[in-house]
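Observations on the model geometry
Single-letter residue listing:
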Amino acid sequence: MPEKIVSTEMDLSSVMAFELPIFQALRRLQQAGEVHAKRLARFGGLTPMQLMILQVLAGEERLTASDLSGRVSLTAATLSGMLDRLEERELLHRQRDDQDRRRQWLLLSDAGRELVRQAPSLLPPGFRQRFAALADWERHSLTAALLRAAELCGEME
């Protein structure tokens, strides 16, 4: 049976036909994110990334910075600075592991937990309402497409 050879060359003309509309859609998402980030900053002076860090920690008993880094798609260096600022505000604290002193756990403080409880959504209100009105299959499909698009964009920071 002869082997089929699959070309690895892309048909650039077909890709280029999508370039402008994809970029325009990404730009609209970026603009909406920036506007909502300003709204979030008025709530407790948090950036969306800081709020997401606190929300991830709220859902866990404790995490290492390495585990958290993967969950929030930030490099260790970027995350470290954010953790320092959140710790200065007493929204989280670090705790050395009793068995392995090299390991440090991140835990949400009571103040951090209360802030997460009162915080607005990471998504703009209009988006949340329109998203909730979609059929279940469409919400899953849209989420999968956005996750795949993010994957196509490459590595985190």
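Cut-offs applied
Residues numbered from 1 in each chain as written. Predicted model: local features only at pLDDT ≥ 70, side-chain atom pairs only at ≥ 80, totals over all residues. Heavy atoms only, no water. Helix = DSSP H or I, 4+ residues; strand = E, 2+ residues; numbered from the N terminus. Buried < 20%, exposed > 50% of the residue type's maximum accessible area, 1.4 Å probe, protein only. Polar contact = N/O pair within 3.5 Å; in protein donor to acceptor, adjacent residues only side chain to side chain. Contact = heavy atoms within 4.5 Å. Axes fitted to C-alpha atoms, helices over the stretch in contact; angles between N-to-C directions. Parallel < 35°, antiparallel > 145°, perpendicular 65-115°, else oblique. Nonpolar A, V, L, I, M, F, W, Y, C, P; charged D, E, K, R; others polar. Core = buried A, V, L, I, M, F, W, Y, C linked by side-chain atoms within 4.5 Å. Salt bridge = Lys/Arg side-chain N within 4 Å of Asp/Glu carboxyl O.

Things to note about the side chain of Ser-109
- Relative to the assigned elements, Ser-109 resides in the loop between β3 (104-108) and α5 (110-118).
- The class for Ser-109 is buried, based on a relative accessible area of 10%.
- Engagement of the side chain of Ser-109 in a polar contact is seen with the backbone oxygen of Leu-91, the distance being 3.0 Å.
- At a separation of 3.0 Å, a polar atom in the side chain of Ser-109 contacts the main-chain amide nitrogen of Gly-112.
- Contacts of Ser-109, omitting those with residues within four sequence positions, involve Glu-90, Leu-91, Leu-92 and His-93.

Examining the packing of helix α3 (residues 65-72) against helix α4 (residues 76-88)
- Contact geometry for α3 and α4: axes closest at 10 Å, N-to-C directions at 105°. If you check the angle between α3 and α4, you find them roughly perpendicular. In contact with Ala-65, Leu-68, Ser-69 and Val-72 of α3, α4 contributes Ala-76, Leu-79 and Leu-83.
- Counted by class, the contact of α3 with α4 contains six nonpolar, one polar and no charged residues.

Describing unusual backbone geometry
- Backbone geometry places Ser-73, a non-glycine residue, at a positive phi of 55°.
- Relative to the helices and strands, Ser-73 resides in the loop between α3 and α4.
- Positive phi outside glycine occurs at Glu-90, with the angle close to 60°.
- Along the chain, the position of Glu-90 falls in the loop between α4 and β2 (92-96).

Some points on the nonpolar core
- In terms of nonpolar packing, the biggest core is built from 22 residues, with Ile-53, Leu-54, Leu-57 and Leu-68 touching the most fellow members.
- If you list the elements that add at least two residues to this core, you get α2 (48-58), α3, α4, β3 and α5.
- When residues of this core are assigned to their parent elements, the largest contribution, five residues, is made by α2.
- Setting aside anything within four residues of it in sequence, one finds Leu-54 in contact with Leu-46, Leu-86, Leu-91, Leu-92, Leu-108, Leu-115 and Val-116.

Thoughts on the pattern of salt bridges
- The full count for this structure, using the stated rule, is six salt bridges.
- Here Glu-87 makes a salt bridge to Arg-94, at a shortest N to O gap of 2.6 Å.
- A salt bridge links Arg-117 to Glu-114, with the shortest nitrogen-to-oxygen separation between them at 2.6 Å. With Arg-117 and Glu-114 both in helix α5 and three residues apart, this pair spans about one turn of that helix.
- According to the relative accessible area criterion, Arg-117 is exposed, its value standing at 60%.
- A relative accessible area of 33% means that Glu-114 is categorised as partly exposed.

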